[in-house]
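Descriptive structure summary
Below, each chain spelled out in residue letters.
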Amino acid sequence: MTFDNFDWRRVNLLPEQRQNLEQAFRLALDFAKSPDGWLVLQGVTGCGKTHLAAAIANERLKAGKPAKFEVVPDFLDHLRFTFSPESEVSYDQLFEEVKNAPLLILDDFGEQSTTPWAQEKLYQVINYRYNARLATVITTRNSLDEIDSPISSRFIDPRISLVFNIIAPDYRGDLRSSQSAKRYRRGRKGS
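What comes next concerns the included structure. (Residues numbered from 1 in each chain as written. Predicted model: local features only at pLDDT ≥ 70, side-chain atom pairs only at ≥ 80, totals over all residues. Heavy atoms only, no water.)

**Considering the overall build of the protein**
What counts, and what does not: To qualify as a helix, a DSSP run of H or I must reach at least 4 residues; to qualify as a strand, a run of E must reach at least 2; elements of each kind are numbered from the N terminus. Only protein chains enter the accessibility calculation, which uses a 1.4 Å probe; a residue is then buried when its area is under 20% of its type maximum, exposed when over 50%, and partly exposed in between. Here, residues are in contact when the closest pair of their heavy atoms is within 4.5 Å. All accessibility values rest on the Shrake-Rupley procedure with a 1.4 Å probe; residue burial counts only the protein chains present in the view. All tallies of charge rest on Lys and Arg as positive and Asp and Glu as negative; His and the ends of each chain are not included. Charged groups are reduced to one reference atom each: NZ for lysine, CZ for arginine, CG for aspartic acid, CD for glutamic acid.
Along the backbone of the protein there are 7 helices and 5 strands. Seen through its C-alpha atoms, the protein measures out along the principal axes to roughly 65 × 40 × 35 Å. Going through the 191 residues of the protein one by one, you find that 43% of them count as buried. Pairs at least 24 apart in sequence give 78% of the contacts found in the protein among residues at least 6 apart. If you sum the accessible surface of the protein, you get close to 10500 Å²; carbon and sulfur atoms cover 50% of it. Once the 26 positive and 25 negative side-chain charges of the protein are each reduced to a mean point, those two points are 10 Å apart.

What follows is the structure, encoded as structure tokens:
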């Protein structure tokens, strides 16, 4: 997932959706060039949040700069697994690596289980990065009202964070529409 293969000109978008998606693309590209503060990308499943977040990470890595990409539910699973005797990495090692990454991308925030332990660990990561002013990208399909307020209050602090709501629909609908149209055209040729 790169900026080169992100299609903000998608078919079947209303003009305001296309303009919004282009704006999200430009914000992500600017952030990738100079990560500073936080970028929170909101929107429905399939609107392009993860693609843009991964493109930021890939752009940084291509420039020889560090970036850590974590899918939140997977991160919590990996953190839990560190307590297992089979784990090759310690809890402290993994937790510190994520907390202190020069650029951290937390994908699918809000999709994790809401156990008290999970909430506590995420709060610790978010609060640490907020206080240290470490560059962070967060993607979520949740509204800020649906996110625990001690965390969401950090997401909305205009001194450090920019929240951008992507209004484009799931791009997979575009794929289904174009595939259905191709099948329809092929079927008509055979008639």
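**Considerations on helix α2 (residues 49-62)**
This is how the line gets drawn: For a helix, the expected span equals 1.5 Å multiplied by the residue count minus one.
Spanning 14 residues, α2 covers 20 Å between terminal C-alpha atoms, matching the ideal 20 Å at 1.5 Å per step. Burial in α2 covers these residues: Lys49, His51, Leu52, Ala53, Ala54, Ala55, Ile56, Ala57 and Arg60. If you follow the buried residues of α2, they end up packed against α1 (15-33), β1 (38-42), β2 (68-71), β3 (103-107) and β4 (135-140). Taken from the residues just after α2, glycine 64 is the one with a positive phi, measuring 80 degrees.

**Remarks on the pairing of β3**
Formally: Only strands joined by at least two bridges in the DSSP assignment are considered to pair. Classification remark: right-handed applies to a crossover when, strands pointing away from the viewer, the course from the first strand over the helix to the second runs clockwise.
Burial analysis of β3 places 5 of its 5 residues in the buried class, which makes it a mostly covered element. Pairing geometry for β2 and β3, over 4 bridges, is parallel. Following the sheet pairing, glutamate 70 is matched in β3 by leucine 106. Note: β3 against β4, 4 bridges, orientation parallel. Residue leucine 106 lies in a different strand from β4, and its bridge partner there is isoleucine 138. Once the chain exits β3 it traverses helix α5 (residues 116-132) before rejoining the sheet at β4, and the crossover so formed is right-handed.

Function cannot be read off these values alone, since they describe shape.
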